[in-house]
Amino acid sequence: MSEEPPLIITIDGPGASGKSSVARRIAQALGFPYVSSGLLYRGAAYQVLRYGVDPEDEEAIVRLLSEHPIRLEPNAHGNRVLAGGEDITPHLHTAAVDEVVSAVARHPRVRAYVNDRLREVPPPFVVEGRDMGTAVFPEAPFKFYLTASPEVRARRRARERAEGVAEIEKMLRLRDRRDAKQSQPAEDAQVIDTSELTLDQVVGAIMRYLPAGLRG
Ligand code: DC
């Protein structure tokens, strides 16, 4: 008899493609925890800024993360990143973190550190990021990849940030280029263009792909 793969749903896609909101809603609908890999990269970037480490210096970042480890607390509604006993989550969605996070996330040993933290989470869960369906959980039975035009993504992100749409779009396009290597859809992922869809429509499309038994 073949063993069932662990129940993991991966939702990947570029920045501001809607994957966090969608992943959170799917997790709530299924009663599973939601796991944000981007938040761990943001946590690592925040530590880099806080301790004044060079974002290009892989060795120094790895040392920093072993001396000041970060940990993810997943739940269905949102995630928290803890450094020691401190909740650093409120500091992770800022322009300063956006600016350095791709450089930090580019280092293979930083990626290995984040991936180890993610693989510690017991299934079932819904996980979102860039390479969840390809590098980290290739065995996941349900994989989705969300896309949207840079214009639409910039307008969405502008609702959460102080900067204007044009500035945000410029930064998103830059991050797209920097993150391109680890942001390809898995061959077996369902690709959904969310440019013309509401959040409810994207959630509905994903739920229709999941087996009826899971949907409760
Ligand atoms: O999804 P996000 O915008 O919060 O991710 C923040 C950064 O982390 C993004 O610029 C790329 C990086 N990231 C990554 O390299 N791999 C992931 N699985 C998730 C995020």
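Just above sits the structure.
Parameters at a glance
- Residues numbered from 1 in each chain as written.
- Predicted model: local features only at pLDDT ≥ 70, side-chain atom pairs only at ≥ 80, totals over all residues.
- Heavy atoms only, no water.
- Near = heavy atom within 4 Å.
- Polar contact = N/O pair within 3.5 Å; in protein donor to acceptor, adjacent residues only side chain to side chain.
- Areas by Shrake-Rupley, 256 points an atom, 1.4 Å probe, with all protein chains shown as cover.
- Helix = DSSP H or I, 4+ residues; strand = E, 2+ residues; numbered from the N terminus.
- Contact = heavy atoms within 4.5 Å.
- Phe/Tyr/Trp six-rings, centres within 6.5 Å; stacked < 30°, edge-to-face > 60°.
- Buried < 20%, exposed > 50% of the residue type's maximum accessible area, 1.4 Å probe, protein only.

> Even after reading the chapter, I still don't get the site of the ligand, so can you show me in this structure?
In the vicinity of the ligand there are 16 residues, among which R42, R111, D131, R175 and D179 approach most closely. Within the side chain of R42, an N or O atom sits 2.8 Å from an oxygen atom of the ligand. Contacts to the ligand include D131, whose side-chain N or O atom sits 2.9 Å from a nitrogen atom. Taking 440 Å² as the accessible area of the ligand by itself, protein coverage stands at 97%. Looking at the shell around the ligand, the elements with two or more residues in it are α2 (37-50), α4 (95-105) and α8 (165-179).

> Just checking my understanding: could you explain the side chain of R130 for this structure?
Along the chain, R130 turns up in the loop between β6 (125-129) and α6 (132-136). Aside from chain neighbours lying at most four places away, what touches R130 is D12, G13, P14, G15, K19, R175, D179, Q182, S183 and Q184.

> Whenever I open this one, the packing of aromatic side chains confuses me. Can you help?
Here a ring pair, both rings aromatic, is described through the centre-centre distance and the interplanar angle of the planes. This model, assessed by the stated rule, comprises 2 aromatic pairs. Taking the centre distance of 5.4 Å and the plane angle of 70° together, the rings of F125 and F137 count as edge-to-face. Here F137 lies in the loop between α6 and β7 (142-147) and F125 lies in strand β6, a separation of 12 residues in the sequence. Like F125, the residue F137 is buried in the burial classification. Plain terms: the ring middles of F144 and Y209 are 5.8 Å apart, the flat faces sit at 55° to each other, and that makes the pair tilted. With F144 in strand β7 and Y209 in helix α9 (residues 199-209), the pair connects residues that are 65 residues apart, well separated along the chain.

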